[in-house]
Amino acid sequence: SSANDNAIILDILGPEESEINWENKWLGLLALFPSLNRLKIRMIGPSIDEKLNGRTTSMTCAFNKGGGGGGSPPPPNADNDTKTAGKVEIEIQYHRLRYHEFVAVAAAPSLSTNDNPKLGGHHQLPDAVVAFASGLSEHLSDWLPTLKYLLEQRIPCCFTSYHSIEADLDYRTVCSLGANVSPSPPENADGCYPKKNPFSSLLPIEDPFFPPRLYYLNNFLFYFCGYKKDLSSSPQDVAANPTSRVRKNSAVLQPPEFRKKSRKTTL
């Protein structure tokens, strides 16, 4: 966790328009963390617009006493003490880098890039990482350096997918790397599996590759954190062995109708 016990750092990997636009939507996270004092969100990915790259947006939200970060906004006639009692500082950063590049630059004081000249030497481990519609199984080679870092650092991760087939492929790919994936509920104790996301979009989208098939943004999700102790597969093994079961998961096990160009820019 971050230095301040009442602060959270959340990294969003490979964000696109739906994640980047309407910054105020992230205020909904405050309802989940009533004691939160500070929330830092880092948008990191190659699809970040050049105009946003390096930018930081800051907001301050005030809430009623007793409500903390998840409280309700103060009434219009509240006195100054009440208005400032439940302050939450929110900071959103934008970095046009792949995540493993961001980590390398941020962790080394002597390193910087033309786009991020002030980034070096200021890296903090996030409390969690989220990748929306990652396309993990379709673009495993692009994801390997980032997955290696996330697994070695034991950072809690949540990945979402458009539909059940994609979710299952992404899930099996991560499992084959030896990741410690979130266990299934008691009624499904025979193994882990991707779950239907209760907060997924309700707007159906027609798949342009296979109409009239529909999908939904962030329809399924699964979690993982670090390596399982009893498994030795790692991203290095995958890179060195092109016949590994991980690559089979991302290609051979992938139904022919889903071997197509991704709808999302890779990380």
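Residues numbered from 1 in each chain as written. Predicted model: local features only at pLDDT ≥ 70, side-chain atom pairs only at ≥ 80, totals over all residues. Heavy atoms only, no water.

Any details on the overall build of the protein chain? Residues and values, ideally.
Across its full length, the protein chain carries seven helices and eleven strands. Buried positions account for 46% of the 267 residues belonging to the protein chain. Considering only residue pairs separated by 6 or more positions, the protein chain has 73% of its internal contacts joining residues 24 or more positions apart. Working note: accessible area of the protein chain is about 13,700 Å², and carbon and sulfur atoms make up 54% of it. (Helix = DSSP H or I, 4+ residues; strand = E, 2+ residues; numbered from the N terminus. Buried < 20%, exposed > 50% of the residue type's maximum accessible area, 1.4 Å probe, protein only. Contact = heavy atoms within 4.5 Å. Areas by Shrake-Rupley, 256 points an atom, 1.4 Å probe, with all protein chains shown as cover.)

Provide a residue-level description of the nonpolar core, including the pertinent values.
Formed by 27 residues in total, the largest nonpolar core has its most connected members in Y99, L147, L150, F159 and F224. Of all the secondary structure elements, the ones that give two or more residues to this core are helix 3 (99-107), strand 5 (128-131), helix 4 (140-152), strand 6 (157-161), helix 5 (164-176), strand 7 (179-181) and strand 11 (220-227). With seven residues, the single largest contributor to this core is helix 4. The next biggest cluster of nonpolar side chains, apart from the first, holds 22 residues, and it includes L30, L36, V88 and I92. (Core = buried A, V, L, I, M, F, W, Y, C linked by side-chain atoms within 4.5 Å.)

Account for the pattern of salt bridges, naming residues and giving values.
Summed over all chains, the structure comprises five salt bridges. D11 is the partner of R42 in a salt bridge, and the nearest nitrogen-oxygen pair spans 2.6 Å. Pair noted here: R42 is in strand 2 (residues 38-44) and D11 is in strand 1 (residues 7-13), with a separation of 31 residues, a long-range link. Assigned by exposure class, R42 and D11 land together as buried. (Salt bridge = Lys/Arg side-chain N within 4 Å of Asp/Glu carboxyl O.)

Pulling in residues and values, what's your account of the layout of surface pockets?
Looking at the largest pocket, its volume works out to about 1,000 Å³. In terms of lining, the largest pocket is formed by 31 residues, of which the most central are W26, L29, V130, F132 and F199. Elements represented by at least two residues in the lining of the largest pocket include exactly strand 1, helix 1 (17-20), strand 5, strand 6, strand 8 (195-196) and strand 11. Of the residues contributing to the lining of the largest pocket, the split by class is 20 nonpolar, seven polar and four charged. (1 Å grid on protein atoms, 1.4 Å probe; cavity = no way out; pocket = protein on both sides within 12 Å on 5 of 7 lines; lining within 4 Å. Points joined across faces, edges and corners; volume = space filled by probe spheres on them. Nonpolar A, V, L, I, M, F, W, Y, C, P; charged D, E, K, R; others polar.)

With reference to specific residues and values, describe the packing of helix 3 against helix 4.
Between helix 3 and helix 4, the least distance of the axes is 8 Å, while the angle of their chain directions is 50°. With respect to helix 4, the axis of helix 3 lies oblique. For the pair helix 3 and helix 4, contact is made by Y99, H100 and V103 and by D142, P145, T146, Y149 and L150, respectively. Split into classes, the residues belonging to the contact of helix 3 with helix 4 amount to five nonpolar, two polar and one charged. (Axes fitted to C-alpha atoms, helices over the stretch in contact; angles between N-to-C directions. Parallel < 35°, antiparallel > 145°, perpendicular 65-115°, else oblique.)

Quick one: what's the story with the side chain of N218, residue by residue and with numbers?
Its location among the elements puts N218 in the loop between strand 10 (214-215) and strand 11. Looking at N218, the relative accessible area reads 17%, which means it is buried. Of note is the side chain of N218, whose polar atom sits 2.7 Å from the side chain of T160. When residues no more than four places from it in sequence are discounted, the contact partners of N218 are F132, A133, T160, S161, N197 and S200. (Polar contact = N/O pair within 3.5 Å; in protein donor to acceptor, adjacent residues only side chain to side chain.)

Provide a residue-level description of the confidence of the model for the protein chain, including the pertinent values.
Put simply, the protein chain has an average pLDDT of 75, and 66% of its residues get 70 or more. Taken element by element, the predicted model of the protein chain shows its lowest mean pLDDT in helix 7 (residues 245-250) (35) and its highest in strand 5 (96). The low-confidence segment residues 184-191 (pLDDT under 50) makes seven contacts with residues lying over four places distant or belonging to another chain. Of the regions scoring below 50 in pLDDT, residues 230-263 engages in 75 contacts with residues more than four places distant in sequence or in other chains. (pLDDT = per-residue confidence, 0-100.)

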